[in-house]
Every structure is written in C-alpha cells, then in structure tokens.
There are 2 protein chains.
Amino acid sequence: MPSDTCHCILLRKASRKLSSYYDEALAPLGVNIGQFSLLRNIHRLQPISLTELAAQVELDRSTVGRNTKVLERMGLVAISHGEDQREALISLSEEGKLLLKRGAPLWDGVQDEIEARLGAEKTRQLQELLVAL
Amino acid sequence: MPSDTCHCILLRKASRKLSSYYDEALAPLGVNIGQFSLLRNIHRLQPISLTELAAQVELDRSTVGRNTKVLERMGLVAISHGEDQREALISLSEEGKLLLKRGAPLWDGVQDEIEARLGAEKTRQLQELLVAL
DNA sequence: CGATGGTGCGGGTATATACCCGCACCCATG
DNA sequence: CATGGGTGCGGGTATATACCCGCACCATCG
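Model, not experiment: these values are computed from the prediction. (Residues numbered from 1 in each chain as written. Chains lettered and ligands numbered in written order. Predicted model: local features only at pLDDT ≥ 70, side-chain atom pairs only at ≥ 80, totals over all residues. Heavy atoms only, no water.)

(A) Layout of the relation of the copies chain A and chain B. When chain A is fitted to chain B, the residual RMSD is 0.0 Å, and the transformation amounts to a turn of 180 degrees plus an axial shift of 0.0 Å. In the structure described here, the two chain copies are related by an operation that fits a two-fold rotation axis. Looking at chain A, 100% of its interface residues are interface residues in chain B too, so the copies touch through the same face. (Least-squares fit on C-alpha atoms with pLDDT ≥ 70 in both. Contact = heavy atoms within 4.5 Å.)

(B) Expanded view of the nonpolar core. Core analysis: the biggest nonpolar cluster contains 72 residues, and Tyr22 and Leu133 of chain A together with Tyr22 and Leu133 of chain B have the highest contact counts within it. Among all residues touching Leu133 of chain A, those that are not within four sequence positions of it are Leu11 of chain A together with Ala14, Lys17, Leu18, Ile114, Arg117, Leu118 and Leu126 of chain B. (Core = buried A, V, L, I, M, F, W, Y, C linked by side-chain atoms within 4.5 Å. Buried < 20%, exposed > 50% of the residue type's maximum accessible area, 1.4 Å probe, protein only.)

(C) Here's a closer look at the pairing of strand β2 (residues 88–92) of chain A. All names here are of chain A. Most of β2 is tucked away: five of the five residues are buried. By the alternation rule, side chains of β2 split into Ala88, Ile90 and Leu92 and Leu89 and Ser91, which are all buried. As defined by bridge partners, strand β1 (residues 77–81) adjoins β2 across five bridges and the pair is classed as antiparallel. Residue pairing in the sheet places Ala78 in a bridge with Ser91 of β2. Where β1 hands over to β2, the hairpin turn is made up of six residues, counted between the paired strands. (Helix = DSSP H or I, 4+ residues; strand = E, 2+ residues; numbered from the N terminus. Pairing = 2+ DSSP bridges.)

(D) Structural detail: the interface of chain A and chain B. At the junction of the two partners, chain A supplies 42 residues and chain B supplies 42 residues. For the chain A face of the interface with chain B, the top three residues by lost area are His7, Leu129 and Leu133 of chain A, together amounting to 18%. In this assembly, chain A and chain B are joined by four salt bridges. The residue Glu58 of chain A makes a salt bridge to Lys13 of chain B at a minimum N-O spacing of 3.5 Å. Inspection of the region where chain A meets chain B yields 15 residue pairs in polar contact (both at pLDDT 80 or more). Among the elements of the structure, α1 (7–26), α2 (33–45), α5 (94–118) and α6 (120–132) of chain A are those that each provide at least two residues to the side of chain A that touches chain B. For the side of chain A that touches chain B, the leading source of residues is α1 of chain A, giving 14 residues. Counted by class, the side of chain A that touches chain B contains 20 nonpolar, 11 polar and 11 charged residues. (Buried area = accessible area lost by both parts, 1.4 Å probe. Salt bridge = Lys/Arg side-chain N within 4 Å of Asp/Glu carboxyl O. Polar contact = N/O pair within 3.5 Å; in protein donor to acceptor, adjacent residues only side chain to side chain. Nonpolar A, V, L, I, M, F, W, Y, C, P; charged D, E, K, R; others polar.)

Structure (structure tokens):
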C-alpha cells in the first residue's frame, strides 16, 4: 500500500477532473455542473428559500446565495418574496426550465459515459464509497 | 439504479466532506490539507520552480502561485532565485520542515481512520476508482 | 405592549481554483 | 548582433466555498 497517497488529495483531483468533464459537456448551455445541479434542485423544490435550499444541497447558505444570484443575473431563476418579507422565494424562470430540458440529454450523456467507462459494478462501488465517506 | 444521483455532485460532496475532515485534524498546525499537501510536495521536490511544482501537483500555475504566497507569508516556505532571474526557486523554511514533522502523525491518524472506516478492501477500491476517473 | 430570541438575508473576508494577458528574460537562428 | 519564439512569472477577473457579523423581521413570553 503506497500509504503516501493521500485519500483526500486524490479525491480532490478526481473531483476537479470529473467536474471539468461535466462542465465541458454543459458548455453549450453556458452553465457549469454546479449551476446545472442547483437549477435541478430548484426545479424539484420550488418555490424554496435560500436557507432551505442550502440545507438540501448541503452547501453553505452564503454559497448558495451567491450562486443563485449569478443564475438570477443570467435570467434562469426568479427571486420573489412571500408573506414573510424576510424570506426569498427562489423559482425557475421559463428560460431556466428550457435550459433544464435542453441540458437533460447532455447530462445523461456524460453520466452514461462515466458508467460505461467504469462498468456497472464499479459504478455501484463508487456511489457506495462516496456515500460511505 | 437511482440514475438521478449525479456522480460529479456526489464526488464533490465527498471531496468537501473529506477535506473538512482532514482540515480539522490539521487545525492545530494552522494549515489546511491543501497547504499541507503542497508543503509535502515542496519538501519532496525542493528547490523547484512554480511551473514545475504546478505540473507535479496537477493544479493551475496561478493557483499554486497564490497558495505558495500564502505559505510564504506564514513563513513556511522561502522563495529565492537561481541564475535565471525569471525562475523562482521554492523551498521549505525551517519552520516548514518542523511543521511537516509535527503534522505527520496527525495526517497518518486521519489516513488510518479513513482506512479503518472503509476497510482494506474498500480502501483499495477507492484508490482504484479515483485513479480510473 | 415591549423585550427577547429565533430565523432569514446580505456583506465582508479569506482561500481555492481556473483562465487569459502582459511583461521579462533566455536562447537560437539568421 | 538583432529578432523572435519559448518559458517563467505576476496581475486581473470570475466563480466556488466557507466563516462571521450585523440587520431586519417575526413570534412569543412576560
């Protein structure tokens, strides 16, 4: 066992590499995998507050806030307010919905490619391992 | 197979979680796992130029430049220049060496803990999978 | 009805990470 | 020796990510 291979560093490298792989596939849409995933979550949960969304995607609230603002500037999400004036209600715009539709086959493609490269068994192992960490 | 679990997002979550885990262990030293790993690489390769170091750790040169500058401000690395005035030669300071010595058991501890949690077989699988990606 | 605590948000700061551009310097070729 | 390509570096910009702080608002308790 080459104990000098840091699990964490290896994982970070893999994360960067895989991210850029997904980013490349989604490039025609003008969003990266982080933004695409966030859009999908907003779609699933809308309308939703920043705090709740952050909890769902397991990211810091301020991170989600900034990322959401970028999506708003792009016209992909709309931020309105409910009865409680404090609460920001995030939902998809029409463009956002369209982007998700156009993105679905691209995302499926990468996903399938990964699974093909690893094989079904190793894909299952990967999911299991990542959850176990 | 829940095909809606994005491999990439799962990997990124795992990466963040594991990073914060290592960061916690290294907190007494005042460095994070990225900095610690960079220090270990500098130790292994010193004296080394920015460009060469970036290639070795598979990060962007500008990223390594900024990170190195932080380490320099901390007094952990020294940056000198060789005959070619352009080239920055990065090496560890005495404090840097000391930090690596003090950090080794902490790093080993986390590493062992991960392996214990996963078991030998799954640890091997993980390394294999991450390299395969 | 006023004080208090909980919750939601934005801003500030720091680091990580990437890309592009421009400057400096070295070396080879004419 | 002049010019030009290659290489090394820093700066600028953008996003991702986290933490802390302060402000606003709501609900509840006294």
